[in-house]
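# Coordinate inspection notes
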Amino acid sequence: ALKVLHTELDEGHTIRLRREAQAMAKLSHPNVVQVYEVGQVEGQTFVAMELVGGQTLKDWIRQEPRPTWRQCVEVFGQVGAGLAAAHKQGLIHRDFKPGNAIIDDDGRARVLDFGLARHAGESLSDDPNLDRGPDRGPNRGPDRGPDPDPGPVPWSVQRSRTKDNQAVPLDASLTSTGAVLGTPAYMPPEQMRGQPADARSDQFSFCIALYEAVYGERPFEGSNMVGRMILMMNGDVQPAPKGSPVPASLRTMLLRGLAVDPEDRWPSMEVLLGELQRLLAPRRWRWRWLGGGLALGLVGLGTTLAIPKFLAMQERCSGAQAQLDGIWDDTRRQDVKDAVLGTELSYAEGTWQRIEPKLDEYANAWADKHTEVCEATIVRHEQSVEAMDLRMGCLHERRTALRATVKVLADADAKTNAKTNAKTNAKTVENAIELVADLPDLARCDDVERLAQQRQRIPPPEDPQVAEAVDQLREQLADIKAMHKAGRYAETLKQVEPVVEQAKALGYGPLRAEATYWQGQLVKDNGQYAEAEPELKLAHTLALEHEHDQIELDATQTLTFLVGNELARHDDGLTWGQMALALANRSDDDLELATSLNHLGSVLQNLGEYEQAKLHHQRALRIREKALGSEHPHMAASLNNLGVVFVSLGEYEQAKLHYQRALRIWEKALGPDHPHVAVSLSNLGVVFVSLGEYGQAKLHYQQALQIQQKALGPEHPHVAMNLTNLGTVFISLGEYEQAKLHYQRALPILKKALDPDHPHVAMNLSNLGSVFEKIEEYGQAKLHYQRAFSIFEKALGPDHTHVATNLNNLGQVFQSLGKYEQAKLHHQRALQIFEKVLGPDHPKVAYPLVGLAKVALAQRDPTVAREHAERAVAIREKGSVAPELLAQARFVLAQALWSDKAQRGQARALAEQAGEAFAEHGKGREDLLAEAEAWLATHRVK
């Protein structure tokens, strides 16, 4: 780049230009634009200097979107290093501002225009160019790639010559003492007063420029230039903008640099840059802005190098693939294939076909990312060494996760691994696809600001030996996490206990929080709910103490599900869930937010807050779809959760749509024989039962049972749940003996796999009660309903809908036994719970209303019977219910209306409607049809 002085300008300008060249030629620094030559051609003075393509720092800080405060500090750290290098040579810039610095296309910043430079302590001299005019643009030119080592400074730059060939010494005075030079907006008070400027004057200008960059406004903002100068001379800095993300510590640093008295500023630019560096990075990782070379601590490269030329390290960015040797290579691929197929499970082949390309894709993406991160610093100079260190540390964690995942999958070979049994291996293969899908996101390693904040909050141990021990224990925790995702809970619990003890002994709090959390999680997953709660609370406390945000969030989420679901303390679960949601909102991870929403939605479901539960699950679904795509397995989980809520709301068509979409996703992602597919089939069966489509329900339940028995074995609790579901269909079809056989087969499986007092056991008991009621064994029906009621009330609380259902069932039994007052009390209590939890118009409210209407008819009170029956009919006509349920309500209303002669025509019409519905949809309920036909035969309108 050539700078040429116009011929019409006077000798003063010529001398000033040469002085600028002399000042810049004294510097050879990566963050100062290099001057190569100064001379004359046909009477015009020129300076030849480094050609830099890019934009001024003034333009860079004003771009949209504006750079973050962290990016600003990184870039200003570079130009600050250039100023510090000048100060080291005894040179003062005296006009530093964003327009006098340039950031090239590779992100490297340089200081230029040392036209007002002087030796430190030199008096000011006369200068014809008091008004510097607008900020100068960059020295533009083509992108030349990485700048070479400039080497020795040419001799011709050491001495510049005037027109009469006389050397001009750098310390010659060109202005009289007291002249004011520079740009007022960035000028320090002492320079405004015409006093000598020193390195601390440049520091003041630097701090104004950095303040402007991070806040978007200057620190001294008067209505005019005079007003600004008065504020500056008084040190009256304006408050930080409301809501600014700039840390208070950075503002404190800048305010010291903006002190009116130079003695109150930082001792030097080096000291200020050191403070800024510490703000960006933890103590263990160092990037020195100062000096000709950079000290590189390269995570993953296995060495620390001092390299004067970046290009010399390019070859070190080509070994990423080799770092995956023994982690995911041809040997490990064969190990995993043998392990998965060796289980001989029905879905093993499909699982292998799905996980192999995913593992290949992840490993290749990791290697590409590793190379890109290295080259961004070493080759292209697009990022600082500190940023590379942070990103490499993140990639190291991902590599560890990949190693642990592959290890767990390879261990699923019962033929070669005596430590695992067939059940454990089956569980690993069952979860293999989701285990691979849950490998940590590589894109998170691009968020340097988040990584820096994380390392600043959780710095590594100072002691190298402790740091090494921490790294080793975290490797073990990675294995534990992978085994947990594979469902190997009992085995993993044994492995986490010594890690907790070692972490405690090391005295490094963040690691102890991590290990304690995983111990609590595994205790929970092994069914020891009461024992898990204090462990998870301890992990939560440790995480709070050591500012470990991720573990604080994880512990809170797990406590939400544990307390609000497994321990059935729904109000406590709601409290934990709201806390988890707040923490997830504070984080920048959308998937964590989706998890918190999902857990809180489940608690709200248990509380009967179905509309709120629906909103939470819908929001979680939208987040997951945006983050993971519409075909990810986690989408099916969210769709299933929503389906459950829609069933509870009586919106069965909506439930069916969500379950069917979940089924398609799981069939595509996991294969048609995977146990998760059976979950969607079973859920669809529930919907078909609710819609009265018993043939479809039976078909879906049988498909699910076939998959589960083949994949999980005959004694698995999921098999028991589907046996129960099939029993419900047989009841609806009137095949009571078949129903009883299925329920009785399921009951011992559930008691053994879960607990005699588990709600799932109570559900089975309640269903058995229904069978006994249908076959008119009312004593057995009452015993089973009462036992189910006791379990539900103890586990879920007195106001749960399951409690209400069993109260209503007991009311029906007491009615059949002729104990009408007891029947009425049970129906009334059921009605109160349903109305309180579900609202007055929910389809389930109609059940106790029909019961109360029947009791009123038995007690010869048609007025009360009509009141309850009319409300039941209105609810069922408005809701989506099975036709025979609406017919039952209409038939009861017909009986209530008959006592009013004026209403007998309407009564008979309702009874006829009911009879037609029983005949068309009441397969297996011939008793209902027979009752309606008998009533119609004896109740004719004359």
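Here the residue index of a chain counts from 1 through its sequence in written order. Owing to the predicted nature of the model, reporting of local features is limited to residues with pLDDT of at least 70; listing and counting of side-chain atom pairs is limited to 80 or more, with chain, interface and lining totals taken over all residues. With hydrogens and water excluded, all non-hydrogen atoms of the structure serve as input to the side-chain values.

## Brief notes about the overall build of the protein
Numbering of helices and strands runs from the N terminus; a helix is a DSSP stretch of H or I covering at least four residues, while a strand is a stretch of E covering at least two. The number of helices and strands found in the protein is 38 helices and 10 strands. Residue burial is assigned from relative accessible area. The probe radius is 1.4 Å, only protein chains are included, and a residue is buried under 20% of its type maximum, exposed over 50%, and partly exposed in between. Across the 942 residues in the protein, those meeting the buried criterion constitute 55%. Of all intrachain contacts in the protein linking residues separated by at least 6 positions in sequence, the fraction that spans at least 24 positions is 67%. In this analysis, two residues are considered to be in contact whenever any of their non-hydrogen atoms come within 4.5 Å of each other.

## Remarks on the state of the cysteines
Two cysteine sulfur atoms form a disulfide, by the criterion used here, when they sit within 2.5 Å. According to the stated counting rule, one finds one disulfide in the structure shown. Each sulfur in the disulfide pair Cys394 and Cys445 lies 2.0 Å from the other. The chirality of the disulfide connecting Cys394 with Cys445 is left-handed, given an S-S dihedral of about -75 degrees. Of the two residues, Cys394 sits in helix 12 (residues 385-410) while Cys445 sits in the loop between helix 14 (432-437) and helix 15 (448-457), which places them 51 residues apart along the sequence.

## Focus: unusual backbone geometry
Between Glu64 and Pro65 the backbone carries a cis peptide bond, its omega angle lying at -5 degrees. Following the sequence through the fold, Pro65 ends up in the loop between helix 2 (57-61) and helix 3 (69-88). You will see that Glu776, though not glycine, has its phi angle at about 65 degrees, which is positive. Checked against the element boundaries, Glu776 lands in the loop between helix 30 (759-774) and helix 31 (778-796). With relative accessibility at 57%, the residue Glu776 sits in the exposed group. Residue Arg860 is not a glycine yet carries a positive backbone phi of 60 degrees. Structurally, the position occupied by Arg860 is in the loop between helix 34 (846-858) and helix 35 (862-878). For Arg860, a relative accessible area of 77% translates into the label exposed.

## A short note on the packing of helix 12 against helix 15
Fitted lines through C-alpha atoms give the axes, limited to the stretch in contact for helices. The angle between two N-to-C directions lies from 0 to 180 degrees. One way to put it is that helix 12 packs onto helix 15 with a least axis distance of 9 Å and a crossing angle of 80 degrees. Our classification of the angle between helix 12 and helix 15 gives roughly perpendicular. Where helix 12 approaches helix 15, its residues Ala387, Asp389, Leu390, Arg391, Gly393 and Cys394 are matched on the opposing element by Val448, Leu451, Ala452 and Arg455. The class makeup of the residues in the contact of helix 12 with helix 15 is six nonpolar, one polar and three charged. Roughly parallel means an angle under 35 degrees; roughly antiparallel, over 145; roughly perpendicular, 65 to 115; everything else is oblique. Asp, Glu, Lys and Arg are counted as charged, while Ala, Val, Leu, Ile, Met, Phe, Trp, Tyr, Cys and Pro are counted as nonpolar; the rest, among them Gly, fall into the polar class.

## Observations concerning the confidence of the model for the protein
In this model, the protein carries an average pLDDT of 82, and 84% of its residues clear a pLDDT of 70 or more. Across the protein, the element-wise mean pLDDT spans from 26 in helix 4 (residues 155-158) up to 96 in helix 34. Scored from 0 to 100, pLDDT records how confident the predictor is in each individual residue. Contacts for the low-pLDDT stretch residues 414-419, under 50 throughout, to residues beyond four places or in other chains number four contacts.

## Here's the deal with the sheet that holds strand 2 (residues 35-41)
The rule for pairing is simple: two strands pair if DSSP sees at least two bridges between them. Read across the sheet, three strands follow the order 1-3-2 without closing on themselves; strand pairing throughout is antiparallel. This sheet does not close on itself; its edge strands, each paired only once, are strand 1 (2-4) and strand 2. For this sheet the average axis-to-axis angle between neighbouring strands, irrespective of direction, equals 20 degrees.

## Focus: the packing of aromatic side chains
Paired rings are identified among Phe, Tyr and Trp, the last through its six-membered ring, by centres lying within 6.5 Å, and are further divided according to the angle between planes into stacked (under 30 degrees), edge-to-face (over 60) and tilted (the rest). With the rule as written, the count across this model stands at seven aromatic pairs. Consider the rings of Phe76 and Phe206, whose centres lie 5.8 Å apart with planes at 70 degrees: the pair is edge-to-face. Note that Phe76 is positioned in helix 3 and Phe206 in helix 6 (residues 199-215), a separation of 130 residues in sequence. Phe206 shares its class with Phe76; the two are buried.

## Looking at the sheet that holds strand 6 (residues 101-104)
Strand order across the open sheet formed by three strands is 4-6-7, with antiparallel pairing between neighbours. Since the sheet does not close on itself, it has two edges, and those belong to strand 4 (54-56) and strand 7 (109-111), each with one partner. Going across the sheet, the axis of each strand differs from the next one's by a mean of 25 degrees, ignoring polarity. Here strand 6 pairs with strand 7 via three bridges, running antiparallel.

## Looking at the pairing of strand 2
For strand 2 and strand 3 (residues 44-49), the ladder comprises six bridges, and the chain directions are antiparallel. Bridged to Gly39 within strand 3 is Phe46. Counting the residues between successive antiparallel strands, the hairpin from strand 2 to strand 3 contains two residues, one of them, Glu42, with a positive phi of roughly 50 degrees.

## Structural notes on the pattern of salt bridges
Any carboxyl oxygen of Asp or Glu within 4 Å of a side-chain nitrogen of Lys or Arg constitutes a salt bridge here. By the definition in use, this model includes 41 salt bridges. The closest approach of N and O atoms between Lys614 and Glu611, which form a salt bridge, is 3.3 Å. Taken as a pair, Lys614 and Glu611 lie in helix 23 (residues 610-628) at a separation of three residues, close to a single helical turn. Residues participating in the shared-partner salt-bridge network are Asp330, Arg333, Glu356 and Asp360.

## Details of the pairing of strand 6
Burial along strand 6 is two-sided: Ala101 and Ile103 and Ile102 and Asp104, pointing in opposite directions, are all buried. Note: strand 4 against strand 6, three bridges, orientation antiparallel. By the bridge assignment for strand 6, Gln55 is matched with Ile103. Once strand 6 ends, the chain turns through four residues before running back antiparallel as strand 7, passing Gly107 with a positive phi of about 90 degrees.

## Structural notes on the environment of Pro759
Tracing the chain through its elements places Pro759 in helix 30. Distance in space between the C-alpha atoms of Pro759 and Glu566 is 9.9 Å, their sequence separation being 193 residues. Discounting chain neighbours no more than four positions away, the residues touching Pro759 are Ile791, Phe792, Ala795 and Leu796.

## Description of helix 28 (residues 717-732)
Taking 1.5 Å per residue as the helical rise, helix 28 with its 16 residues ought to reach 22 Å, and the 23 Å between its terminal C-alpha atoms agrees with that figure. Burial analysis of helix 28 places 12 of its 16 residues in the buried class, which makes it a mostly covered element. Residues of helix 28 that are buried include every one of Val719, Ala720, Asn722, Leu723, Thr724, Asn725, Leu726, Gly727, Val729, Phe730, Ile731 and Ser732, and no others. Gly734 lies just past helix 28 and shows a positive phi near 80 degrees. Expected span of a helix: the number of residues minus one, times 1.5 Å.

## Here's the deal with helix 19 (residues 529-545)
Structural remark: α-helix, 3.6 residues per turn; residues separated by three or four positions point the same way. In a regular helix each residue adds 1.5 Å, so 17 residues correspond to 24 Å; helix 19 covers 25 Å between its end C-alpha atoms and thus fits that length. Every buried residue of helix 19 is listed here: Ala532, Glu533, Leu536, Ala539, His540, Leu542 and Ala543. Structurally, helix 19 contributes buried residues whose contacts are with helix 18 (509-525), helix 20 (549-566) and helix 21 (570-586). Just past helix 19, the residue Glu547 takes up positive phi, approximately 55 degrees.

## Considering the nonpolar core
Soluble, globular proteins show a tendency: their nonpolar side chains are buried together. Remark: nonpolar core denotes a set of buried residues (Ala, Val, Leu, Ile, Met, Phe, Trp, Tyr, Cys) joined through side-chain atoms within 4.5 Å. Counting 171 residues, the largest nonpolar core has Trp328, Val336, Ile355, Leu359, Leu402 and Leu409 as the members making the most contacts within it. Every residue in contact with Val336, bar those within four places of it in the chain, is listed here: Trp328, Trp352, Ile355, Val406, Leu409 and Ala410. By size, the runner-up hydrophobic cluster in this structure holds 44 residues, among which are Leu57, Ile208, Tyr211 and Leu279.

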